[in-house]
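The chain contents come next:
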Amino acid sequence: MKHERIVILTGAGISAESGISTFRDQGGLWEQYRLEDVATPEGFRRNPDTVQAFYNERRRQLQEGVEPNAGHKALARLEQHYPGQVLLVTQNVDDLHERAGSCNLIHMHGDLLQAWCEVCHQPSDWHEPIEADSVCPACGTTGRLRPNVVWFGEMPQQMERIQGELAACDLFLAVGTSGQVYPAAGFVELARSAGAHTVELNLEASEMNSAFDEHRHGRAGEVVPPYVEELLGAP
Ligand code: OAD
């Protein structure tokens, strides 16, 4: 086994072939919506109905006909069969990695299928629209639920654990991410300073392209499965 600890960072590109829009590609979400309006705490305070409607619609789409693709399935297969440790850190708020079978998984930008209560600070599983009269299942307060997603200006989830894993990994993969949003965009440098080999698997060269040792460019559903087979087949 060449590598003992693998950390994989995924972004919107891995879910693109499942039909979920990315953010910064042509026709991506940030061309249709202003990030400041729907992905910041200030935008939520200014216009909570618009923000809830944006995430309610994405939650609905996620539960209607969206399925994991070959890229998600290959990463789940890697976790199940690789003799070393495999940790998946995703920036995605969809549940396609879980549905493909990944278990050792951190949702650093939160989870669309959870609501978060501004009063008791507890996340709860939530598959329906969040409405103005929705009640927190944990504390019973009405009207103070928001999507459990991390907005710009907020701290991503489980950062201490992620930093510890990056410092200890010997292979770091970034799949389907543009490398434009920190702290995730800085993970490749943290892994490199820990001595890890770093590989980018993305449709095209990302913003962080030059920080990687190796590149596989193409659609995730096409480049991830053969790369996973290489790792599983390596002596
Ligand atoms: P982006 O939309 O910024 O980048 C998606 C990347 O995926 C681009 O580099 C594309 O070239 C690539 N891509 C597109 N289709 C692909 C495919 N089929 N196979 C492989 N790669 C493909 O999405 P992220 O990098 O995930 O944060 O964005 C990071 C964060 O910015 C998101 O988590 C979100 C967003 O604003 C928050 O909302 C906090």
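One can find the structure itself at the top, above this paragraph.
Here's what I pulled together on the structure shown here.

Parameters and conventions
Residues numbered from 1 in each chain as written. Predicted model: local features only at pLDDT ≥ 70, side-chain atom pairs only at ≥ 80, totals over all residues. Heavy atoms only, no water. Helix = DSSP H or I, 4+ residues; strand = E, 2+ residues; numbered from the N terminus. Rg over C-alpha atoms; globule rule 2.2 N^0.38 Å. Buried < 20%, exposed > 50% of the residue type's maximum accessible area, 1.4 Å probe, protein only. Contact = heavy atoms within 4.5 Å. Areas by Shrake-Rupley, 256 points an atom, 1.4 Å probe, with all protein chains shown as cover. Lys, Arg positive; Asp, Glu negative; His and termini not counted. Charge placed at Lys NZ, Arg CZ, Asp CG, Glu CD. Near = heavy atom within 4 Å. Polar contact = N/O pair within 3.5 Å; in protein donor to acceptor, adjacent residues only side chain to side chain. Nonpolar A, V, L, I, M, F, W, Y, C, P; charged D, E, K, R; others polar. Phe/Tyr/Trp six-rings, centres within 6.5 Å; stacked < 30°, edge-to-face > 60°. Lys NZ or Arg CZ within 6 Å of the ring centre and 35° of its normal. Salt bridge = Lys/Arg side-chain N within 4 Å of Asp/Glu carboxyl O.

1. Remarks on the overall build of the protein chain
Here comes step 1: In terms of helices and strands, the protein chain carries 10 helices and nine strands.
Here comes step 2: Here the protein chain has a C-alpha radius of gyration of 18 Å; the compact-globule value for 235 residues is 18 Å, and the two agree.
Here comes step 3: In terms of its C-alpha atoms, the protein chain occupies a principal-axis envelope of roughly 55 × 35 × 35 Å.
Here comes step 4: For the protein chain, the proportion of its 235 residues judged to be buried stands at 50%.
Here comes step 5: For the protein chain, long-range pairs separated by at least 24 residues make up 63% of all intrachain contacts whose partners lie at least 6 apart in sequence.
Here comes step 6: Carbon and sulfur atoms make up 47% of the accessible area of the protein chain, which totals about 11,100 Å².
Here comes step 7: Charged side chains in the protein chain number 18 positive and 34 negative. The centres of these two groups are separated by 1 Å.

2. Brief notes about the site of the ligand
Here comes step 1: With respect to spatial proximity, 24 residues lie near the ligand, and among them F23, R24, T177, S178 and A220 are the closest.
Here comes step 2: Within the contact set of the ligand, an oxygen atom lies 2.8 Å away from a side-chain nitrogen or oxygen of H109.
Here comes step 3: L203 places a main-chain nitrogen or oxygen 3.2 Å from a nitrogen atom of the ligand.
Here comes step 4: The protein chains hide 94% of the 790 Å² of surface that the ligand would expose on its own.
Here comes step 5: Among the residues making up the shell around the ligand, the classes are represented as nine nonpolar, 10 polar and five charged.

3. Description of the packing of aromatic side chains
Here comes step 1: Tallied over the full model, the rule gives seven aromatic pairs.
Here comes step 2: Pairing F54 with Y55 gives two aromatic rings, centres 4.8 Å apart and planes at 90°, and the pair type is edge-to-face. When sorted by exposure, F54 lands in the same class as Y55, which is buried.
Here comes step 3: Aromatic side chains Y55 and W151 sit 6.1 Å apart centroid to centroid with 45° between the ring planes, which places their arrangement in the tilted category. A residue pair is termed long-range when its members are at least 10 positions apart, and Y55 in helix α5 (residues 48–62) and W151 in the loop between β6 (145–149) and α8 (159–168) qualify at 96 residues.
Here comes step 4: Assessed through its relative accessible area of 4%, Y55 is described here as buried.
Here comes step 5: Through pairs of rings, three or more aromatic residues link up here, namely F23, W30, Y33, F44, F54, Y55 and W151.
Here comes step 6: We note R146 situated over the ring of W151; from NZ or CZ to the ring centre the distance is 3.7 Å.

4. As for the environment of P129
Here comes step 1: The residue P129 is located in the loop between β5 (123–125) and β6 in this model.
Here comes step 2: In this structure, the C-alpha to C-alpha distance between P129 and R58, residues 71 residues apart in sequence, is 9.8 Å.

5. As for the pattern of salt bridges
Here comes step 1: Under the criterion given, the structure shown has 14 salt bridges.
Here comes step 2: R219 is the partner of E17 in a salt bridge, and the nearest nitrogen-oxygen pair spans 3.9 Å. Of the two residues, E17 is situated in the loop between α1 (13–16) and α2 (29–32) and R219 in the loop between β9 (214–217) and α10 (220–233); the sequence distance between them amounts to 202 residues.
Here comes step 3: With relative accessibility at 44%, the residue R219 sits in the partly exposed group.

6. Quick notes on unusual backbone geometry
Here comes step 1: Look at the link from Y182 to P183: it is a cis peptide, with omega at 10°.
Here comes step 2: With respect to the helices and strands, P183 occurs in the loop between β7 (171–175) and α9 (187–193).
Here comes step 3: Despite not being glycine, H121 shows a phi value in the positive range, around 60°.
Here comes step 4: Inspection of the secondary structure puts H121 in the loop between β4 (110–117) and β5.
Here comes step 5: Although it is not a glycine, Q158 adopts a positive phi angle of roughly 60°.
Here comes step 6: Within the element layout of this structure, Q158 appears in the loop between β6 and α8.
Here comes step 7: Looking at Q158, the relative accessible area reads 42%, which means it is partly exposed.

Just distances and angles here, no functional claims.
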